[in-house]
Amino acid sequence: MPATQTREITPAGRLENVRYAIRDLNSLADQVAKQGHRILPLNIGDPLNFDFETPLHLIEAVYKAMRDGKNGYAPSPGIPEAIRAIGKEAERKGIGNVQDIFVTSGVSEAVDVCLTALLNPGEQILTPRPDYPLYSAVLAKLGAQPNTYELNEDQLWQPDLEDLGRKITPQSRGIVLINPNNPTGAVCSRQLLESIAELARRHNLVIFADEIYDKLILDHHDRHFAIAALAPDVPVVTFGGLSKNYLAPGWRIGWAVVSGDKHAVKPYTEAINRLLRGRLCANHPEQYAIQAALEGPQDHLVSVLQKLRQRRDLTVNWSQTTPHVSCVAPRGAFYAFPRMEIPEGDDVFVRELIVEKHVMVVHGSGFGQKPGTKHLRIVFLPDEQILAQAYAAIAALLAERYG
Ligand SMILES: Cc1ncc(COP(=O)(O)O)c(C=O)c1O
């Protein structure tokens, strides 16, 4: 008889604080759904859950690749066609001094690889608060102490430059900049990007520019600037992918473009490539969609942006007319981060909202936020009818609880 395992298997202590609030609420929602209620999901940024479809020419490119036998391992940095297409796209964005390009299993893997290749024990990366939780999770995995800089709600959620400057220490190695931003929907001004680049230049920091939403700029008059294009001398890792701009999150295709001074970044890109070889490759047939996406028709973006604009406007309008709620209007991506003036924690409110009104949003505290403030992270991907229903339900719960 084998001995019975009785002792608990304790997990790594450094993962104690790893949470992914966006998905952590699922078990509560499942319980409510099992009672026969339909949940209105305003919590996960997956366009495919709603009235958005992966462009057909991308699907055809992947199908053809599979039929053509591209089902073995790919080269570790990615297939040459994709790397060439990403390089041309970087050029269109004005990014010069490109030193390396590689394809990964989503931006998620690119972030993991790039932070892992940079950090020694005791070193830090500055991440925004509020933050997309992937960054803090990877940093926790690496045992790096969190060090956050504020996004300033009073300044349209732009990074707080003074705070960023104050937070840089001799241990700092890089700055994460998410632009357009998840969870706030903010888009950084050119001037601010130039100031951040100057800080990086002065302190020899790598900028991690997460630009996965760069084609989802909601207003015609607005413009997205790639920080790498404004600072060709500064080491910048620009992240992009198919998940959002090209509506294919399940394919898990992302990439990174490393730019900056050739000699300065060389040891770093060599370390990245050692890690890339260790994990073999990103999904192979799906990489054939990259060239099709970046160089083929962009028609889908017209209807995506039209829908998102209407849904953003509905969201802003609701936040302006609902007691206890205010919101900086999102300018990019498909997220809003309305502020709630409520006496209890936003996590309590969000759980109550699932149980009482069957609406799922994420609490601001799940992204980190200034102490004393409370927010909801809303995904405004659902159609107007679902959004209107969800917003009416949130307003009703607010009125019932707080008058
Ligand atoms: C800011 C940001 N970065 C990265 C990701 C992950 O992207 P991917 O699907 O390419 O792993 C997301 C997903 O929501 C995101 O919002």
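Residues numbered from 1 in each chain as written. Predicted model: local features only at pLDDT ≥ 70, side-chain atom pairs only at ≥ 80, totals over all residues.

Structural notes on the overall build of the chain
Now for step 1: Of regular secondary structure, the chain possesses 14 helices and 15 strands.
Now for step 2: Over its C-alpha atoms the chain spans a radius of gyration of 21 Å, differing by no more than 12% from the 22 Å that the globule rule assigns to 403 residues.
Now for step 3: Across its three principal axes, the chain shows a C-alpha extent of roughly 75 × 60 × 50 Å.
Now for step 4: Relative to its 403 residues, the chain shows a buried fraction of 47%.
Now for step 5: Taking contacts inside the chain between residues at least 6 apart in sequence as the whole, the part at least 24 apart equals 76%. (Helix = DSSP H or I, 4+ residues; strand = E, 2+ residues; numbered from the N terminus. Rg over C-alpha atoms; globule rule 2.2 N^0.38 Å. Buried ≥ 20, exposed ≤ 12 C-beta atoms within 10 Å, placed from the backbone. Contact = placed C-beta atoms within 7 Å.)

Re the nonpolar core
Now for step 1: Counting residues in each nonpolar core, the largest one holds 116 residues, and the members touching the most others are Ile86, Cys114, Ile207, Ala209, Ile227, Ala289 and Ile290.
Now for step 2: Counting residues per element, this core draws most heavily on helix α5 (residues 106-118), which supplies seven residues.
Now for step 3: In this structure, this core is formed jointly by two domains, domain 1 (13-52 + 300-402) and domain 2 (56-295), each of which donates at least three residues.
Now for step 4: Ignoring anything within four residues of it in the chain, the contact list for cysteine 114 reads Phe208, Val237, Ala256 and Ile272. (Core = buried A, V, L, I, M, F, W, Y, C linked by C-beta atoms within 7 Å. Domains from an automatic or database assignment.)

Describing the domain arrangement of the chain
Accessible area lost on assembly of the parts is the figure often given for the size of an interface.
Now for step 1: Along its sequence, the chain is organised into domain 1 (13-52 + 300-402) and domain 2 (56-295).
Now for step 2: Across the boundary between the two partners, domain 1 contributes 34 residues, which contact 32 residues of domain 2.
Now for step 3: Listing elements by their share of the side of domain 1 that touches domain 2, those giving two or more residues are α12 (300-321) and β11 (335-336).
Now for step 4: In terms of residue count, α12 provides more of the side of domain 1 that touches domain 2 than any other element does, six residues in total.
Now for step 5: Looking at side-chain class alone, the side of domain 1 that touches domain 2 contains 18 nonpolar, seven polar and nine charged residues. (Nonpolar A, V, L, I, M, F, W, Y, C, P; charged D, E, K, R; others polar.)

A word on the pairing of strand β8 (residues 236-241)
On any regular strand, side chains alternate: one points to one face of the sheet, the next to the other face.
Now for step 1: For β8, a buried count of six out of six residues is recorded, marking the element as mostly surrounded by other parts of the structure.
Now for step 2: The alternating pattern of β8 places Val236, Thr238 and Gly240 and Val237, Phe239 and Gly241 on opposite faces, both of which are buried.
Now for step 3: For strand β7 (residues 206-210) and β8, the ladder comprises four bridges, and the chain directions are parallel. The residue of β8 that forms the bridge with aspartate 210 is phenylalanine 239.
Now for step 4: As judged from the six bridges shared by β8 and strand β9 (residues 253-259), these two strands associate in the antiparallel manner. (Pairing = 2+ DSSP bridges.)

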